[in-house]
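Below are the chains, spelled out letter by letter.
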Amino acid sequence: MKIEDDQPDSGQSGGPAGPPQRTAAHELERYGALFARRTQVMRSSAMRDLMAVTARPEVISLSGGLPDTTTFPPESFAGLMARLAHQESAAALQYGPTEGHLAVRECVVEVMAAEGMRIEADDALMTTGGQQVIDLVCKTLIDPGDVIIAEAPTYPGAVPTFCSYEADVVQIDMDADGMRIDVLERTLDTLAAEGRAPKFIYTIPSFHNPAGVTMSLERRRRLVQIAAERELLVLEDNPYGMLRFEGEPHPTLYSLDDASFVIYLGTFSKILAPGIRVGWTVAPRPVMEKMNLGKQGVDLCSSSLTQKFVSTYFADGRWRDYVTSLSAIYRDRRDVMLEALAEHFPAEATWTRPEGGLFLWATLPDYIDTTDLLARALRDNVAFVPGRAAYMDGRGGSEMRLNFSGVGDQEIREGIRRIGKVIQEQVELYSTITGAGPTGPAARRPQPAVSEPVVEARVVPLRQRRAGGR
Amino acid sequence: MSRVALLKGGHSLERQVSLKSAARVEDALERLGHEVVDIDVGADLVQRLSAAAPDVAFVAMHGRDGEDGTVQELLELIGTPFTGPGPYACQRCWDKVLTKRALVEAGIPTPPFHAFSQTAFRELGAALALPAIEQRLEFPLVIKPASQGSALGIKFARTAADVPGCLLTAFSYDTKVLLERHVDGDDLSVSILDGPEGPTALPVVQAIPHPDDDFYDFVARYEIGRTTFACPADLPPGVTERAQRMALEAYELLGCHGFARVDIMLERRSGDLFVIEVNAIPGLTETSLLPQAADAAGISFDALIGRMLDTALARSPIARA
């Protein structure tokens, strides 16, 4: 055996003749020194790596946010593409205006009218999915350290966007009626006392992702009122509004506002298909103009091809039938999931009962960590989204998001059975370790509320600012 | 030049890490002029290996199957030479309890520990033994699954109240867990690389975690910029050599082959060194420690990969058994 000298010998690469290679340590230093400060808050996570395993075919994934695109008839798809190729080939293959093609913006007018909102085609800015709206709003409004108010839990996909703009995110607890407006008001007062005003309030009022709850009409009215009183913008993210299974629809925040303080985010992802990446925003004019400029810098324009796919599809006039058929499918799947939860989850677990959308939110006993539970569940080939993904302040450790739109009835039943089994295993093991009596599976009751708040809202400064910069 | 089957991915929780390692290895193998057949390991592994008929397999898998000896058993069975250790060494490194028992028997320092299976708790009333163990090992305790890489499932218990939750976490990753005395000090790693002159200890790498991070965890390991590294580590006189010798002893004790990485803690208060674990198939990503150590020894990434391959080819499948 031999011990290598500690002195680097940079002259001898040991490799074959060829172009000089930069070494691992140098690569690290080189890139590390070039990275922008904001990359330090772009976090990877063990969870994201665990999620990579969920893509394997043998895994029943209740983790995605996937609409069921298998329900869109392939022959319709082929027919639409053929028509598009014959009628608008050159334009579909060409760049388009940053704000989007007029024909698709007219579709937006139609969709928004179906949810009780009146706009004109000129009011909409087409985007590359709804996700781009979140990015453009942050790009337009957020300087490092600015405050964004979000729900607790919030849409996990918004978290990396908020992080990359170095926002301080304050999360407001929810209950069965959505964001707790009383908590919001107290939080705004606290922030005001510190001389900090949030730039915007991010909310998914209908069939919340991930919580599965819907904001009551009273709270919607009050939220819009607060925004006007305090001159705050509200980003209303409404991808699921048309996927209502039961109950009366509530007006959108946008329709309750006089177009002064609500930025509306819409998307064709859940009412048509996410693969086309077509979303839109309607915002107060000065905000919209800045977002348009921001978009020019990002991608000049969204895909002409897929925008024209949407307008060709809408020309048939059957889009509402498709949404109705999707809602019926998702309603049945939700029911299957609720039944399976009642059968297989232990007595200590609670979950929401969504009236629409794609998700429900389950809360387990506080000693169960759902990130670890996912690792265990993956051994049984089933996946969900651990709750921490939906918080920026470390909460959500015992919570999970379950999706019921992406897989069929049998897989939902089997997936919930498997998750229930690993939860029960952990409950029993914990009882054994702590000496508490074991608890059996529950006699059933769905719980309408999101988890009991321990802390109502917290301002969590970003890590590297706390550490004093890079 | 050789036809190399690059085994990657698989079912393990460290699949992503494996894919990152493999991507770098593939580039290096191609630069070295080898023909690479990359195989994302699944149910068709044997079939794909038979079809590819490689001269050698490069095992760039981490975690279950790749690091626990399963794939190595198969490779032996079909007579394909492969990089890294054989099945027995893999099993002894993968199971930290086996590793630590072997170290203790050989007199190589490792932090005091106790191991439990789920059965011990479920059927044999092990919970009653916890207070005595907590008293013996003292807080904070490190509680971890017996197997699993990349620090997955490892937690600190600062008080007795933390222990049940930490055990539950560890049991999420394995049916066997261990409670270990926490060594407060510096995280060192010594990589060993085999060659014509026998195994060589490379310069010591010290991982210096971000001030906000509790310890060198999964995120810290694989995210550029999360952790800074000192290589060669700036250590008190004699420590580097002691760490390297200790690493070589552990490597040989466990029957490793080709390469390995030995993780060591340097205790702040005593200056003593403790072997924490031995990684039979260490990561080869941009932030991994073995490539950094090789780099500090003047061995480029390509040369490192070339040497791993040469060592594998120099060993016949019969010699492994």
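Residues numbered from 1 in each chain as written. Chains lettered and ligands numbered in written order. Predicted model: local features only at pLDDT ≥ 70, side-chain atom pairs only at ≥ 80, totals over all residues. Heavy atoms only, no water.

Before going further, it helps to spend a moment on the overall build of chain B. A tally of helices and strands in chain B yields 13 helices and 13 strands. Computed over its C-alpha atoms, the radius of gyration of chain B comes to 19 Å, within 12% of the 20 Å expected for a compact globule of 321 residues. For chain B, the spread of C-alpha atoms along the principal axes amounts to about 60 × 50 × 35 Å. Classification of the 321 residues of chain B by burial places 65% in the buried group. The long-range share in chain B, meaning contacts at least 24 apart out of those at least 6 apart in sequence, stands at 68%. Within chain B, the 44 negative side-chain charges are centred at a point lying 3 Å from the centre of the 29 positive side-chain charges. (Helix = DSSP H or I, 4+ residues; strand = E, 2+ residues; numbered from the N terminus. Rg over C-alpha atoms; globule rule 2.2 N^0.38 Å. Buried < 20%, exposed > 50% of the residue type's maximum accessible area, 1.4 Å probe, protein only. Contact = heavy atoms within 4.5 Å. Lys, Arg positive; Asp, Glu negative; His and termini not counted. Charge placed at Lys NZ, Arg CZ, Asp CG, Glu CD.)

Here the focus is the sheet that holds strand β11 (residues 350-351) of chain A. All names here are of chain A. On the basis of which strands lie adjacent, the open sheet formed by four strands has the order β11-β12-β15-β14 and antiparallel pairing. Two strands in the sheet have a free side with no partner beyond their single neighbour: β11 and β14 (385-386). Relative to strand β15 (residues 399-403), β14 runs antiparallel, the two sharing two bridges. Counted as the bridge partner of Pro386 is Met400 from β15. (Pairing = 2+ DSSP bridges.)

Below, the discussion takes up the nonpolar core. Residues Phe162, Phe200, Phe268, Phe345 and Leu402 of chain A are the most contacted members of the largest nonpolar core, which totals 148 residues. It is helix α12 (residues 319-344) of chain A that provides the largest number of residues to this core, a total of ten residues. The residues contacting Phe162 of chain A, other than those within four sequence positions of it, are Ile134, Cys138, Ile148, Ala150, Ala167, Val169, Phe200, Tyr202 and Met392 of chain A. Counting 44 residues, the second largest nonpolar core, distinct from the first, contains Leu45, Leu188, Cys256 and Ala280 of chain B. (Core = buried A, V, L, I, M, F, W, Y, C linked by side-chain atoms within 4.5 Å.)

Residues and elements named next belong to chain A. Closest axis-to-axis distance for the helix α4 (residues 102-114)/helix α11 (residues 304-315) pair is 8 Å, and the angle between their directions is 55 degrees. When the axis of α4 is compared with that of α11, the two are oblique. The element α4 and its partner α11 pack so that their crossing is left-handed. Along its contact with α4, which presents Ala103, Val104, Cys107, Glu110 and Val111, the element α11 presents Gln307, Val310, Ser311 and Phe314. Its residues assigned to classes, the contact of α4 with α11 comprises six nonpolar, two polar and one charged. (Axes fitted to C-alpha atoms, helices over the stretch in contact; angles between N-to-C directions. Parallel < 35°, antiparallel > 145°, perpendicular 65-115°, else oblique. Left-handed = near helix turned anticlockwise from the far one by under 90°. Nonpolar A, V, L, I, M, F, W, Y, C, P; charged D, E, K, R; others polar.)

In short, geometric facts, not functional conclusions.
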